[in-house]
Amino acid sequence: MTPSRLRVIDSHTGGEPTRVVIEGAPDLGPGPLADKARRLREDHDWLRSAVCNEPRGHEAMVGAVLVEPHELDCCCGVIFFNNVSTLNMCIHGTIGLAVTLAHLGKIGPGQHRIDTPVGVVVAHLHDDGSVTVANVPSYRLASDVEVEVPGWGLVRGDIAWGGNWFFLIDGQGPPVDFTQLDALTAFTWAVRQALSAQGITGADGMEIDHIESFGPPSDPAHSDSRNFVLCPGKAYDRSPCGTGTSAKLATLHAAGKLQPGQIWRQAGILDSVFEGKIELLPDGKVRPLVTGRAWVNGESVYLIQPGDPFRHGIPNPL
């Protein structure tokens, strides 16, 4: 039997990979992007697993599939996913997507509206190749929330929305340093499990599936803070995490520590940096603007061989 083919383009944003499927994806039907994302989860999850899971992918891989936008003034629609499921939004992936579209000759410098399952975002491709993403409205839902974490005791954090739900922890747990990856993963995973067990959620009962731990910058001249972000599939974000930076900006503003237009430089665990600032919205939320850089680093055609037992990837046990 003739194998089916997927054409993908790989990039990384501050060290975090993005793999964009540009040909060969199934038709996800009409309607809003949230409906298309649901169909991808329920009817075509093989695509996510084939792209992100071994043997083609790995735990940190974030995939994206291009779809027709529902909002007609958008240049494209996109659904992001990782090693366990679809994602509501992904800023590092949007930066990677913009650079990929430029690589394909589909966009040039300027502003481009992109449809996502949580609303339209705007990506501004600058002349120097950097990209600024105007994210969805973001806000702090609750501050100083206490959760009892086995082995760690009482941990306090803020709950904030930045396109995904985050629990933001400052100055607790292991040092935020690359040498502490195993300890940071164990700590943040324990926090996530404790939040779930104790019924602590985002708005409307939505799961808090991203845990973000903050520490001082390695070089204050380089950044204002360094973070470690645990993603839903138990992989850490190699970049500073764009939705996590958005949640941080919203939290800083709610605490009176960040004014509109003021730059916040968020370093990730690899010390790559996103620059962020906010615009105030009439409803009291903020619109984060996050700037970073991505590099295209590969083009591939994947063969989905009918006789291959792992043609759709090796299932993730989580």
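The structure contained in this document is the topic of the report that follows. (Residues numbered from 1 in each chain as written. Predicted model: local features only at pLDDT ≥ 70, side-chain atom pairs only at ≥ 80, totals over all residues. Heavy atoms only, no water.)

## Focus on empty space enclosed by the protein
Then, in step 1: According to the stated counting rule, one finds one cavity of 30 Å³ or more in the structure shown.
Then, in step 2: Of the voids in this model, the largest cavity is the one considered here, and its volume is about 170 Å³.
Then, in step 3: The wall of the largest cavity is formed by 23 residues, among which Val62, Leu87, His210, Cys231 and Asp237 lie closest to the centre.
Then, in step 4: Residue assignment for the lining of the largest cavity shows that the elements contributing at least two residues are helix H3 (91-103) and helix H5 (242-254).
Then, in step 5: When its residues are assigned to classes, the lining of the largest cavity shows twelve nonpolar, eight polar and three charged. (1 Å grid on protein atoms, 1.4 Å probe; cavity = no way out; pocket = protein on both sides within 12 Å on 5 of 7 lines; lining within 4 Å. Points joined across faces, edges and corners; volume = space filled by probe spheres on them. Helix = DSSP H or I, 4+ residues; strand = E, 2+ residues; numbered from the N terminus. Nonpolar A, V, L, I, M, F, W, Y, C, P; charged D, E, K, R; others polar.)

## Here's the deal with the pattern of salt bridges
Then, in step 1: Evaluation of the coordinates by the stated rule reveals twelve salt bridges.
Then, in step 2: Between Arg7 and Glu23 there is a salt bridge, and its shortest N-O distance comes to 3.3 Å. One end of the pair, Arg7, is in strand E1 (residues 4-13); the other, Glu23, is in strand E2 (residues 16-23), and 16 residues separate them in sequence.
Then, in step 3: For Glu23, a relative accessible area of 44% corresponds to the partly exposed category.
Then, in step 4: Note that Arg113 is salt-bridged to Asp73, the shortest N-O span being 2.8 Å. One end of the pair, Arg113, is in strand E6 (residues 110-116); the other, Asp73, is in the loop between strand E3 (62-67) and strand E4 (76-81), with 40 residues separating them in the sequence.
Then, in step 5: Using a relative accessible area of 49% as the deciding quantity, one classes Asp73 as partly exposed. (Salt bridge = Lys/Arg side-chain N within 4 Å of Asp/Glu carboxyl O. Buried < 20%, exposed > 50% of the residue type's maximum accessible area, 1.4 Å probe, protein only.)

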